[in-house]
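Here is how the chains run, residue by residue.
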Amino acid sequence: MKKVLLVLVVVLVGLGVAGALLYRNASPSNADHRLLTVATGDETVASVVVNLRLLKSVRSVESWKDRIDPAEKYLLKVGNLPPRHRDLLLETFSSFASGFVKTAEGPSPFRLFASHGTADQALEALKKGHLVEATTGDDYVLIDPETCGREGPLRLIKGDKLLAFVPTALAADFTARLAQEPGRKMESLLIAQGGLNLQPFLESLAPPLVQMALARDEITENARRLSLTLRADTDGGIWAELDVLGDHPEQIQKLWEKASGANSPLKTVAETSVKVTPSKDAFRLTVDVNALQKHADVLTRSFSPFQNEALKDEDLKALESAEEALLDPKDLYAYDEALTPASFFERSGEDCSPRHGVALDDAKKLRLAFTSLSSRENLPEVDFVSLTSSVCMPPHYSPVLAKRPWMEVRIQQPELDRPTCGPLADEATGMTSEEDFSREHSNDMQVATNKVGFAFKRGVDTQKLPAIEGTVTVQVPTRVKKVTLAFRPPYGRTELAFPEGKLTVEATRVSDDGLTFQLGSEGTPPSVLAVRALNAAGKYLETESRSGFSASMTLPFVGRIESNDSTVLAHGKPVQLEFVLVDATAPYVRPFKLTPPFPQAPDAQEDDTESEPTAEPLSQAVFEQTLQSPDSIARRGERYTRYTSGGLIAAPDVPGTAPSPFKVLLQTQGVFENNLEIVWTEDVRRYFGQLDTGIQLEVLEVDFVDGTRLRPENMDETRESESGEKEYVWGSRFGAPRKWNTTLSLGRPNISASDIQGVIFSDFLPNRMEDVPVARIRGQLSFSLPTTIAVSALTPLSLHTRATLGEARFHVMSIEGDEVSLLSENTDQPGFSAAFTDAKGNPIRASLKKREDFDDATFRLDFETEKPVRQWRMLQAQGPSKTYTYPFEITAHVLKPVSSRKK
């Protein structure tokens, strides 16, 4: 339940207290009233309505601007509007609504705007911002600002200071409703109102974090809809009301009582900031957002899985007896206080050389490599490129925490572009940058990387460029310094301030190993190379540091949890911390010139590894003459026999039939008891993997040692749970149905042993039978193969290169280090795949990760490849298919007589 509270408070805790004078220009108009009535009706599946007048009014006061920004960004994002259009929205519109509405075809998007000026002026502003685009007549498409995806066509309806983009089938209804006097009034101090139907639209509409939280706390089992209303009052208070509507509000109340009970960290928050009002069919939480702000620390800890509660007296007492480990003085690294770029690279060691890319210096310690080349379905004429620069770091110079950039890549030729949508549209330079520090496992050296992404102007073909030219700059540390900070019990939040920002430390837990504390930052303080803990005697304690994983839990209303925070474990009881900081840097600049074809091959020879044997595309004739030849059957049988051990019982071959190329085994011992294993040999994978031929597994009957016999029809049996919901008698622990058939892909094994690979299947096992051994299991494997496989000509791999197979045309859409995506241009037929080779024509192992079909009767194939690809060709299954079926039966225990078995 506390995660639902997160959804509620994340929107507006940053607003704070504002006086009545802020709202004098925020009174909504009649257009705002009508917008609210239409957007929050019963037909909407999900919606958010935002009063832009109020946001603009509060934001106009300089002292409040920084506090309103996080909430405002969140509200715009919920409405699928980008922050870069904030000023356009605030100046042009008084409110907006966005969401999904029910239609006969399913949920369809809508977007409504109430404007300050005329509807025509507002429409021009939306066109100029590339948020909508005209198609024909009064039809428009909505443009997703983050993905460039297009939704529609939607019908444009103009009213008095109103614009509505709605499903065409509902246009007449929307027109009539917008012309009516609104039945609901938007209060002058209403900030936002929104709602979401939990089923069946949760997966497609709710953020993954919210989905996970609602599912974990069983909210979706007990509720139909969440409704959130946010208001301000004339005294500057901010109030939020969350209504959970469903058939069993008492279950929601129980969850709330558990989340806010005596043992919950949210107890104080609930008592001082939240009022609960249950009713017959709803459960309402009314939150005092201003009061909630006072509990920011508690909320931070409660909503982050990476931090515990503040230390208690018993924790501090336990720390007294924690085993102390001292650092040997000779192991204390002596940092040079004055460095030069030359000495910095000398210290990185002779054996340090990043493995991929073009060397930019003689020592090969600075490299630049292609990460990906791509076009996109929604921007097919724009080439997107990403490059990764890598530089060797001396031992002990890889930062524990860094907010200032260490590396920068600049592109000088050709000129970069800033697309009108997508992630690059938010970057003023048209380039994104992401930095990382990691350890190269091949040589155990530290490597810093900087991945940049950018786009060329529309119509510029990357493969036809003379070159891509630019520079890589490394900010080399040239001076370090040490700073000490007192850090004593109770180890609360302590800060180290600098002109550009601050470092923070705060204890999170005590264990037998010592004290764990979080190292955080605000602003851009100096980079931290080391954090050392000293005990009361002034001796150094052994410490361990690891990067935090809190980026996904960033909370705009707190601003405490940074994406690159680190956790430090001090083996003992610290009283002082010593920070080793980068005090000065010098730029180390190296130019680069990359020429096509792109991406360039890595320096390592491509034939260093043994090439995979060529396999013919798998048709019926190839299967029966190769994989079913006596020699192949004998070799596989020997390997399967060697694999069968450790409690695995293999299904025997069925007399009178050809042996299956796959082996089914039942695990009868250990934690994996009752799991099925379906395994195959490398030669089987090599043939089946080319077209990603699916293997259908069906479980037909299972006998358990207690006498229970189950068949597929038994799995549909349901009953009413304690909460009144339907659950499957023979389902999972959450009452969901079990699968007794599935399609196995040879490209996704989770078992590997020598040349044997395979998958584990356990979804057939009901939760209530997990502790009952399987006595006998019966089922079958089947797959279908075409008569023939058509093959296109071998084509060099580069962006936009094409292959033709019959009438079907394909081109390369993206190339990454281990992935290739192909896009069909004129067909959505099934049965297509691709094969890849290196520069010498040797096959490269690849597996189909995903096929995505589009509304324009085309599709995309995403392949994962084992090595860099240089050539490709298309494959297509042709002719009637033949299905091969292989029954199996495994008996692990003697069955009880039929008359005594349970049903």
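In what follows, the structure referred to is the one given above.
These lines cover the structure that appears in this document, whether it is placed above or below. The residue count restarts for each chain, going from 1 along the sequence in the order it is written. At least 70 in pLDDT is required for a residue's local features to be given in this predicted model, at least 80 for side-chain atom pairs to be given and counted, and no such filter applies to totals for whole chains, interfaces and linings, which use all residues. As a rule here, side-chain values cover all heavy atoms of the structure and leave hydrogens and water aside.

1. Regarding the sheet that holds strand 31 (residues 676-681)
Here is the rule we go by: When DSSP finds two or more bridges between a pair of strands, those strands are recorded as paired. Per the convention used, a helix needs a DSSP run of H or I reaching at least four residues, while a strand needs a run of E reaching at least two, with both numbered from the N terminus. Fitted lines through C-alpha atoms give the axes, limited to the stretch in contact for helices. The angle between two N-to-C directions lies from 0 to 180 degrees.
Strand order in the open sheet formed by 5 strands is 29-30-31-38-37, and the pairing between neighbours is antiparallel. Every other strand in the sheet has two partners, leaving strand 29 (648-650) and strand 37 (751-753) as the edge strands with one partner each. Pairwise comparison of adjacent strand axes, ignoring direction, gives a mean angle of 30 degrees for this sheet. Examined bridge by bridge, strand 31 and strand 38 (residues 756-761) share 6 bridges and lie antiparallel to one another.

2. A look at the packing of helix 2 (residues 30-39) against helix 7 (residues 171-179)
Any two packed helices are characterised by how steeply their axes cross, that is the angle between the axes, and by the distance between the axes. Cut-off, in case you're wondering: An angle counts as roughly parallel when it lies under 35 degrees, as roughly antiparallel when it exceeds 145, as roughly perpendicular when it falls between 65 and 115, and as oblique in every other case. Helix crossings are classified by the rotation of the near helix relative to the far one: an anticlockwise turn of less than a right angle makes the crossing left-handed, while a clockwise turn makes it right-handed. It only takes one pair of heavy atoms within 4.5 Å for two residues to be counted as in contact. Under the scheme applied here, ten amino acids are nonpolar (Ala, Val, Leu, Ile, Met, Phe, Trp, Tyr, Cys and Pro), four are charged (Asp, Glu, Lys and Arg), and all others, including Gly, are polar.
Taken N-terminus to C-terminus, the directions of helix 2 and helix 7 make an angle of 140 degrees; their axes are 9 Å apart at the nearest point. Taken together, the axes of helix 2 and helix 7 lie oblique to each other. Crossing angle aside, the handedness with which helix 2 passes helix 7 is right-handed. Across the interface between the two elements, Arg34, Thr37 and Val38 from helix 2 touch Phe174, Arg177 and Leu178 from helix 7. Taken together, the residues of the contact of helix 2 with helix 7 sort by class into 3 nonpolar, 1 polar and 2 charged.

3. Observations concerning the state of the cysteines
Stated formally: By definition, disulfides here are pairs of cysteine sulfur atoms that lie within 2.5 Å. Each residue's exposure class comes from its accessible area (1.4 Å probe, protein chains only) as a fraction of the maximum for that residue type: buried when under 20%, exposed when over 50%, partly exposed otherwise.
Taken as a whole and assessed by the stated rule, the structure comprises 1 disulfide. One disulfide in the model links Cys148 with Cys421; its S-S distance is 2.2 Å. Looking along the S-S bond of the Cys148-Cys421 disulfide, the torsion reads about 120 degrees, which is the right-handed sense. Of this pair, Cys148 sits in the loop between strand 5 (139-143) and strand 6 (150-159) while Cys421 sits in the loop between strand 17 (416-417) and strand 18 (431-440); the two residues are 273 residues apart in sequence, bridging distant segments of the chain. Owing to a relative accessible area of 4%, Cys148 belongs among the buried residues under this scheme. Accessibility expressed as a relative area gives 6% for Cys421, which makes it buried.

4. Description of helix 7
In an α-helix there are 3.6 residues to a turn, and that puts residues three or four apart on one side. Here is the rule we go by: Comment: arc refers to directions from the helix axis out to C-beta atoms.
Residues of helix 7 that are buried: Ala171, Phe174, Arg177 and Leu178. Looking straight down helix 7, one finds its buried side chains confined to an arc of 130 degrees; they lie on one side. Turned more than 90 degrees off the buried face of helix 7, the exposed positions are Ala172 and Ala179. Along its buried surface, helix 7 packs onto helix 2, strand 2 (93-103), strand 6 and strand 7 (162-167).

5. Brief notes about the nonpolar core
Among soluble globular proteins, nonpolar side chains are generally buried collectively. Heads up, the condition is: Joining through side-chain atoms within 4.5 Å is the link that ties buried Ala, Val, Leu, Ile, Met, Phe, Trp, Tyr and Cys residues into a set, and such a set is a nonpolar core.
Grouped together as the largest cluster of nonpolar side chains are 49 residues, with contacts concentrated most on Phe662, Ile678 and Phe688. Among residues more than four places away in sequence, those in contact with Ile678 are Phe662, Lys663, Val664, Leu697, Leu744, Gln757, Gly758, Val759, Phe761 and Leu781. With 45 residues, the next largest nonpolar core counts Leu76, Leu81, Phe93 and Ala122 among its residues.

6. What to know about the side chain of Thr742
When you line up the elements, Thr742 lands in strand 36 (residues 741-744). Setting aside anything within four residues of it in sequence, one finds Thr742 in contact with Ile695, Gln696, Leu697 and Phe761.

7. Things to note about the packing of aromatic side chains
The cut-off we apply is this: Classification of ring pairs rests on two measures: the distance between centres of Phe, Tyr or Trp rings, Trp counted by its six-membered ring, which must be within 6.5 Å, and the angle between planes, read as stacked under 30 degrees, edge-to-face over 60 and tilted in between.
In total, this model carries 27 aromatic pairs according to the counting rule given. Centroid distance Tyr333 to Tyr397: 6.4 Å. Interplanar angle 90 degrees. Geometry classified as edge-to-face. Taken together, the residues span a long stretch of sequence, with Tyr333 in the loop between helix 15 (313-320) and helix 16 (341-347) and Tyr397 in the loop between strand 15 (379-393) and strand 16 (407-413) at a distance of 64 residues. In this structure Tyr397 comes out as buried when scored by relative accessible area, which is 0%. Look at Phe688 and Phe783: their rings are 5.0 Å apart centre to centre, the planes differ by 90 degrees, and that puts the pair in the edge-to-face class. With Phe688 in helix 19 (residues 682-688) and Phe783 in strand 39 (residues 774-785), this residue pair connects regions lying 95 residues apart in the sequence.

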